[in-house]
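# Report on the structure
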Amino acid sequence: MAKVMEERVMPDSATITVKSSRFGEFEVPASTVIEFPRGMIGFPNQRRYIMLEHKGPFCWLQSLDEPSLAFVVIDGMEMGDRYDRKIPFADPQCDFRGDDEFAILLIVTVRQDPTQTTANVKAPVFVNMRNRRGVQVIYDDPNLDTRYSLFTPQEEAEPKS
Amino acid sequence: MLILTRKPGESLRIGDDVRITVVEIKGNQVRIGIAAPRSFPIYREEIYLQIQSANKEAVASIPEGADVPSMMSAELNGLRSPRIASVSRRMPQARQTPVVHDESKKIKVDGEGDGGAGDA
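Residues numbered from 1 in each chain as written. Chains lettered and ligands numbered in written order. Predicted model: local features only at pLDDT ≥ 70, side-chain atom pairs only at ≥ 80, totals over all residues.

## Here we look at the overall build of chain A
The helix and strand inventory of chain A stands at zero helices and 11 strands. When the helices and strands of chain A are placed in sequence order, the string is β-β-β-β-β-β-β-β-β-β-β. Counting contacts in chain A only where the partners sit at least 6 residues apart, residues at least 24 apart contribute 46% of the total. (Helix = DSSP H or I, 4+ residues; strand = E, 2+ residues; numbered from the N terminus. Contact = placed C-beta atoms within 7 Å.)

Written out as structure tokens, the structure reads:
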């Protein structure tokens with residue numbers, strides 16, 4: 001069973017019920033919810049997610065609004081410094097400030113051949129840990145690939161598409 | 001679709017907050033300036049559609065009830081669960097940065113020179 005990340009003790013210990021087609025129904029602290037004010041791109045109406053740990057480097061972003069909607073993600077910090085100067089300060093809803101902490105998540109596409117599994121480095125997800133708000137950002141940069149291979153790390157992603 | 005004719009230098013308003021200006025016409029290319037609140041991400045359409053379909057493909061790529069870890073072998077052990085970084089540590093001059101139009105960019109954003117979340 002997946003485990004909630006960043007579990008925090010809330011004074012009022014409020015919980016919220018997660019209904020997931022993969023993991024069943026369970027309670028998590030309400031404080032672990034991540035809100036995406038605009039949703040993920042292509043999924044604008046599903047705005048609340050929780051992070052669930054999985055094995056290895058993979059985590060789940062599970063929608064609270066749609067039980068069958070979940071993304072597999074990995075840590076974007078692994079991609080080195082390519083996002084260093086690209087934190088989405090322009091997003092007023094995430095409200096990034098200089099002393100905030102944040103996570104970068106990359107959405108993974110699973111292929112039947114595991115060696116073909118890819119991550120989308122062109123459109124990473126930033127989560128501001130202070131307000132637990134997230135945004136998926138698109139970088140208009142041909143060096144960033146929507147299908148970055150996780151199995152043959154290149155020095156630089158080759159523009160493929 | 002509403003179609004209006006504009007000359008270079010002329011603008012359109014969409015609601016109270018968005019202004020679109022035809023900056024320059026050069027051959028078969030039009031340079032367009034967009035002034036909009038930061039809450040409006042602005043993307044070239046083909047890139048937006050590319051990400052939209054990448055997201056949908058990612059969701060669809062995980063079969064219902066599938067054991068994802070077994071589908072992805074252990075070769076990825078070098079990667080770990082997401083870590084938390086601090087904005088200031090990773091990016092000292094954080095606040096003033098937003099960049100970022102590549103040279104060839106035909107969409108220009110007025111105002112503070114950044115185009116919403118998509119371009120920051």
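Following the structure, the description resumes.
## Overview of the overall build of chain B
A tally of helices and strands in chain B yields three helices and five strands. When the helices and strands of chain B are read in sequence order from the N terminus, they spell out β-β-β-α-α-β-α-β. Counting only residues that meet the buried cut, chain B has 23% of its 120 residues in that class. (Buried ≥ 20, exposed ≤ 12 C-beta atoms within 10 Å, placed from the backbone.)

## Let's talk about the pairing of strand β2 (residues 15–20) of chain A
Examined bridge by bridge, β2 of chain A and strand β3 (residues 24–29) of chain A share six bridges and lie antiparallel to one another. By the bridge assignment for β3 of chain A, Lys19 of chain A is matched with Glu25 of chain A. (Pairing = 2+ DSSP bridges.)

## Looking at helix α1 (residues 45–60) of chain B
Helix length check: α1 of chain B (16 residues) gives 22 Å between terminal C-alpha atoms against 22 Å at 1.5 Å per residue, within 8%. In this structure, the buried side of α1 of chain B is in contact with β7 (70–75), β8 (101–109) and β9 (118–128) of chain A. (Expected span 1.5 Å × (residues − 1).)

## Comments concerning the environment of Gly98 of chain A
Assignment of secondary structure puts Gly98 of chain A in the loop between β7 and β8. C-alpha separation for the pair Gly98 of chain A and Ser31 of chain A, spaced 67 residues apart in sequence, amounts to 22 Å.

## What about the confidence of the model for chain B?
Residue and element names in this part refer to chain B. Residues of chain B with pLDDT of at least 70 account for 52%, and the chain-wide mean is 70. Note that pLDDT drops below 50 for residues 69–80; the model gives that stretch 24 contacts with residues more than four away or on any other chain. Ignoring residues within four places in sequence, the model shows residues 90–120, a span with pLDDT below 50, making 69 contacts including any to other chains. Model confidence for the complex: the whole-complex pTM is 0.74, and ipTM, which rates the interface, is 0.80. (pLDDT = per-residue confidence, 0-100.)

## Things to note about the nonpolar core
One finds Val73, Val108 and Phe126 of chain A to be the most contacted residues of the largest nonpolar core, which totals 56 residues. Where this core is concerned, the elements lending two or more residues are β5 (48–53), β6 (59–63), β7, β8 and β9 of chain A together with α1 of chain B. With seven residues, β8 of chain A is the largest single contributor of residues to this core. Here Val108 of chain A is in contact with Phe58, Val72, Val73, Ile74, Thr117 and Ala119 of chain A together with Ala58 of chain B, once residues within four sequence places are set aside. (Core = buried A, V, L, I, M, F, W, Y, C linked by C-beta atoms within 7 Å.)

## So, unusual backbone geometry
Residues and elements named next belong to chain A. Positive phi outside glycine occurs at Asp95, with the angle close to 55 degrees. Tracing the chain through its elements places Asp95 in the loop between β7 and β8. The phi angle at Arg132 is positive, at roughly 55 degrees, despite the residue not being glycine. The residue Arg132 is located in the loop between β9 and β10 (133–136) in this model.

## Some details on the pairing of strand β2 (residues 18–26) of chain B
Residues and elements named next belong to chain B. The pairing of strand β1 (residues 11–14) with β2 spans four bridges and is antiparallel. Its bridge partner lying in β2, Ser11 is registered against Thr21. With antiparallel pairing between neighbouring strands as the criterion, β1 and β2 make up a hairpin whose turn holds three residues, including Gly15 at a positive phi of roughly 65 degrees. As judged from the seven bridges shared by β2 and strand β3 (residues 29–35), these two strands associate in the antiparallel manner. Looking at the pairing, Glu24 lines up with Arg31 of β3. In this structure, the hairpin formed by β2 and β3 is closed by a connection of two residues, where Gly27 is found at a positive phi of approximately 60 degrees.

## Thoughts on the environment of Met77 of chain A
Within the element layout of this structure, Met77 of chain A appears in the loop between β7 and β8. Sequence spacing of Met77 of chain A and Ile41 of chain A is 36 residues, and the spatial spacing of their C-alpha atoms is 21 Å.

## A closer look at the confidence of the model for chain A
Overall, the prediction assigns chain A a mean pLDDT of 82, with 83% of residues at 70 or greater. Element-level pLDDT for chain A is lowest in strand β1 (residues 3–4) of chain A, with a mean of 55, against a maximum mean of 94 in strand β4 (residues 34–35) of chain A.

## Considerations on the environment of Gln52 of chain B
As for its placement among the helices and strands, Gln52 of chain B is situated in helix α1. Excluding residues that lie within four positions of it along the chain, Gln52 of chain B makes contacts with Ile41 and Gly42 of chain A.

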